[in-house]
Every structure is written in C-alpha cells, then in structure tokens.
Amino acid sequence: MESVLAPAILCLGPEGLETARRIRAGCPDAAIRGLAGPVEDAEIRHDSIEAALRDLYRRDVPIIALCAAGTVIRALGPLLGDGLAEPPVLAVAEDGSAVVPLLGLRRGAVALSRIVGASLGTVPAFTSPEEDEVQCRPSAPRQRGRLAVIGLGPGTSGLMAPEVREELRRARHIIGYETYVRMAGPFRPDQIIHASDNRVEMDRARHAFALAAGGEDVVVVSSGDPGIFAMASAVLEALHLSDEPSWHSDVELVILPGISAAQAAAARAGAPLGHDFCTISLSDNLKPWPVILDRLDHAATADLVLALYNPISVARPWQLGEALDLLRRHRADATPVVLGRDVGRPGERISVVTLGELRPDMVDMRTVVIVGSSTTRSFPRHGGGSWVYTPRWYGVSPD
Ligand code: SAH
C-alpha cells in the first residue's frame, strides 16, 4: 500500500532551499525540513540530517532528500528490510539537475519522481526495469495527464452519475475538501488522497494541474455539481491565469456534472423549481453583502423562485435574517419554503414551512433553502407532509 502521508523535502544546505521551493510548487502538501544552522529558513529544523532521515523513514513519510544519494544510503542502510514496506525515498541534486528514486518503488516513488521531475524540468533517473516505461518520458511522446473535475451529487451514491464513478475508479490522485473526499471513497491502496481545508480552492486547483501536467490522472472532487459554487470555476481560473504551457497543452481537462443540492431537495419536496428560478449563495466570503441584498431584491421583484445556498454559518449568523426581511417585503407570508438538510446523506431532513414561519435557527450551513414565488403552492401528501410545486405556466391560462 502506498504511503498516504505528505512528503518531507529535506535540505542539507542553503543551496537546496530554492530547489525545495520549486519542488513544493508541485507538492503543496510537503513540508520543507532542513539542518538547523545551515538552513535556518526551513519550516522544520533538525540537528542531524541522518537522524531526520531515519525518523521520517520509520514513520513511513515519503522523503525527497536534497543531498548526495550516498548520504541517504548510509543513513537508511541499517533500517532496510522488506521493499514493500519502505516509503518512497528520492535523492535530488541540490541544484535540481537530477532526481533519483532510491526506495519505495512499489509504493509511489515512481509517481513522486515524476511530480518532482515535472516541477524541476528534469527527467528522473530510473534505474530498475520496472520503470523502463518511464525511463524512455523525452524522445517518446509526452504522456498526457487527465484532470477531471467531478460532482458527487448531494451525497448518496445512487445520485452519482456513472461517468463520475468511472472517473473516481481510474484516478490516481484524489484532491478536495476532506469531507467531500471522504464522501467519494472508499479508495484503493494505490490511490493517493490529497485532502485539504475548504478555503484553499485556488491552491487545490494549481496542485491538481501540477500533478496532471506530470502525466498523472487526477480527480478534483466537489459536492453536488462542480460548476455550482464549487471547484470547476477555480480550476478554470487557475488555468486561465497560468502561464505554464504544459497546463494548457499536456492536460486533458474534463468537467463532469452532478446533481446539485437544490435539484435534490426540490425532487424530495415535489417540483418547486418547475418554473423560472435562480440560485444565490448568501456567503459574503467572495462577494460584498450589499451585492447579495441587491440580487435578492431583483430576484424577488422578478417573482423568481430562489434557491439559497450557503444560507448561514457560525461566522455569518445575521445575514439570513436580513435576507428574509427583504424577501418578506415582496412575498406573502403564506409562500411555501422548502428546507433540505443533508439531502441524500445520513440524517436527511426535508421540511416545508411558510415564509412567515421561517426563522434563521431552522437553517444551517448544510441546508439549502428554496423560497417559492407567488405561484408556488403546496397541498397535503397522503401519509403525512406536503407536496410543493410551482406550475409551469405564469400569467397565462393553463390550457
Ligand atoms: N456544488 C454544490 C454547492 C456547494 S455550496 C452543489 O451543487 O450542491 C455549499 C452549500 O450547498 C451548502 O451550504 C448548502 O446550502 C448546499 N448543499 C450542498 N450539499 C447539500 C446537501 N446534501 N443537502 C443540503 N444542502 C446542501
């Protein structure tokens, strides 16, 4: 099984620090470690490079050592045993001119060498027959990597498109916010998971391109649809802003859709999106709050059904109340509202309330809120609850 830990880039001297930073552009998870004294700028400092090598090796951390291969061999030699148990270990010349995979060839060292090589513009020096295929990567046509930005749907695997499932099966690297990566699993031991915080979308997108430009198959995971308040835009923006030619020419980029939260919640409640509607995110992380209020005002004036994403969070407790006050100036209190919480996930809850009844404390960040228009209606459902729908006609006779 491959090591799932982030690699350590180890510098012996200050000359290696610049090379370490170039390597890190393709391996953003990696920490730069150095010898205290000569490499004071390193993020983690060690008193002895040999002891650091041995410690990382024992903890199964993939090692990218910017020093002579002999230094690594002398430090790790006494520890070597079963080849299947060793983490990837690479020796890299301090000036970045050579990348030599030494250990862990069956546990990810080949892929890691390719990524490091791509970051340094160096072809790795493969020395064993298993890697012949790669050893021949300048005169042969360059292997194109694939970057698929996929939507998982709301959560349950039944609502995931078969194409998305197939893409997850073929991918070698899976990148995304850790909650969604967990939803996309389980994964095989040969697949490499890069889970991250939700706020680092552009870093994640660049990381994905760096891997794919090195010939890897990469999946970037979003919940719902990747094009709706999710990763597809970040990936395209990263490509648009990049002046790295290989990202444009050597990466096959595909975006595979998923069922969005509003669609899934709407289907559970009936058909509230049956006529014109709009989706608005209430998050003011990436746009000013007055813009959000202005858009809500226009959408309400136009009598559109509204699907509200990111409706409330601990950091933004007051905005939803202000948004509802605005909507109540346009819509009757009896207007049906659908609250879909964790739709398609364990603990799913669909509730139908009226705009008059709706209070912000009925809603959290895992809820999508669908506010009906003047024509949206509801009626009792046999067995409990109610159906909600918006007729397809508006301002004309239905027949
Ligand atoms: N790309 C996603 C949306 C991401 S924005 C999609 O297309 O669904 C995150 C917001 O989406 C959440 O705050 C919530 O409002 C909504 N959301 C995502 N998944 C949801 C689910 N399973 N149930 C209810 N709301 C969900």
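All residue numbers here refer to positions counted from 1 along the written sequence of the relevant chain. The model is predicted, so local features are restricted to residues of pLDDT at least 70 and side-chain atom pairs to those at 80 or more, both for listing and for counting; the totals for chains, interfaces and linings are taken over all residues. In computing side-chain properties, one takes all heavy atoms of the structure into account and sets aside hydrogens as well as water.

### Description of the domain arrangement of the protein chain
Size of an interface, as often reported, equals the accessible area lost when the parts are brought together. Counted only if it meets this: Segmentation of the chain into domains, including their bounds, is taken from an automatic or database domain assignment. Contact criterion: two residues are considered in contact whenever any of their non-hydrogen atoms come within 4.5 Å of each other. A simple way to read buried area is as the amount of 1.4 Å-probe accessible surface that goes missing from two parts once joined, with both sides added. Salt bridges are defined by distance alone: a side-chain nitrogen of Lys or Arg within 4 Å of a carboxyl oxygen of Asp or Glu. Distance and chemistry together define a polar contact, namely a pair of N or O atoms within 3.5 Å, with one atom able to donate a hydrogen and the other to accept it when in protein, and with adjacent residues in sequence counting only for side-chain atoms on both sides.
In terms of domains, the protein chain is made up of domain 1 (8–120), domain 2 (145–259) and domain 3 (262–389). Here domain 1 and domain 2 have C-alpha centroids that lie 27 Å from each other. With eight residues of domain 1 at the interface, the matching set in domain 2 holds nine residues. Taken together, both faces of the contact between domain 1 and domain 2 bury some 670 Å²; the carbon and sulfur share is 61%. Where domain 1 packs against domain 2, one counts one salt bridge. The shortest N-O distance in the salt bridge between R114 and E216 comes to 3.3 Å. Linking domain 1 with domain 2 are one residue pair in polar contact (both at pLDDT 80 or more), by the criterion used here.

### Some remarks on the confidence of the model for the protein chain
For the record, the criterion: As a per-residue measure, pLDDT reflects the predictor's confidence and takes values from 0 up to 100.
Here the protein chain averages 90 in pLDDT, and 94% of its residues register 70 or above. Residue range residues 132–136 is modelled with pLDDT below 50. Its contacts to residues more than four positions away, or to other chains, number five contacts.

### A word on the sheet that holds strand β18 (residues 377–380)
Here is the rule: Paired strands, as defined in this entry, are two strands with at least two bridges between them according to DSSP. A run of DSSP states H or I qualifies as a helix once it reaches four residues; a run of E qualifies as a strand once it reaches two. Both are numbered from the N-terminal end.
Read across the open sheet, the three strands follow the order β12-β19-β18; overall the sheet is mixed. For this open sheet the edge positions go to β12 (270–271) and β18, each flanked by a neighbour on one side alone. Judged from the four bridges that link them, β18 and strand β19 (residues 386–389) form a sheet pairing that is antiparallel. Considered in β19, the bridge of S378 is made with V388.

### Some words on the packing of aromatic side chains
Using the following cut-off: Pairing of aromatic side chains here covers Phe, Tyr and the six-membered ring of Trp, requires ring centres within 6.5 Å, and sorts the geometry by plane angle: under 30 degrees stacked, over 60 edge-to-face, intermediate tilted. Residue exposure (1.4 Å probe, protein chains only): buried if accessible area is under 20% of the type maximum, exposed if over 50%, otherwise partly exposed.
Taken as a whole and judged by the stated rule, the model has five aromatic pairs. Each ring, one from Y177 and one from Y180, has its centre 5.1 Å from the other, and the planes form 85°; the classification is edge-to-face. Among the residues examined, Y177 registers a relative accessible area of 23% and is labelled partly exposed. Ring centres of F209 and W247 lie 5.1 Å apart, and the angle between their planes is 15°; on these two criteria the pair is classed as stacked. One end of the pair, F209, is in helix α8 (residues 201–213); the other, W247, is in helix α10 (residues 245–249), with 38 residues separating them in the sequence. Exposure remark for F209: the relative accessible area of 0% places this residue in the buried category.

### Brief notes about the pairing of strand β8 (residues 173–177)
Applied cut-off: A crossover gets the label right-handed when its path from the first strand over the helix to the second runs clockwise, viewed with the strands pointing away from the viewer.
Summarising burial for β8: four of the five residues are buried, a large majority. One ladder, built from five bridges, connects β8 with strand β9 (residues 192–196); its direction is parallel. Within the sheet, the bridge partner assigned to Y177 lies in β9 and is S196. Considered for its hand, the β-α-β crossover made up of β8, helix α7 (residues 178–184) and β9 is right-handed.

### Side note on unusual backbone geometry
P186 follows G185 through a cis peptide bond whose omega is 5°. Looking at where P186 falls in the secondary structure, it is placed in the loop between α7 and β9. Phi at D303 is positive, roughly 60°, even though this residue is not glycine. Topologically, D303 is positioned in the loop between α12 (289–301) and β14 (305–309). Using a relative accessible area of 13% as the deciding quantity, one classes D303 as buried.

### A look at the side chain of D225
As a reminder, the rule being used: For the purpose of counting charges, residues Lys and Arg are taken to be positive, whereas Asp and Glu are taken to be negative. His and the chain ends are not included.
With respect to the helices and strands, the residue D225 is situated in the loop between β10 (217–222) and α9 (231–241). It is R345 that comes nearest to the buried, bridge-free D225 among opposite-charge side chains, at 13 Å. Among the polar contacts made by the side chain of D225, one reaches the main-chain amide nitrogen of G258 at a distance of 3.2 Å. Once you skip the residues sitting within four places of it in the chain, D225 turns out to touch A230, P257, G258, I259 and S260.

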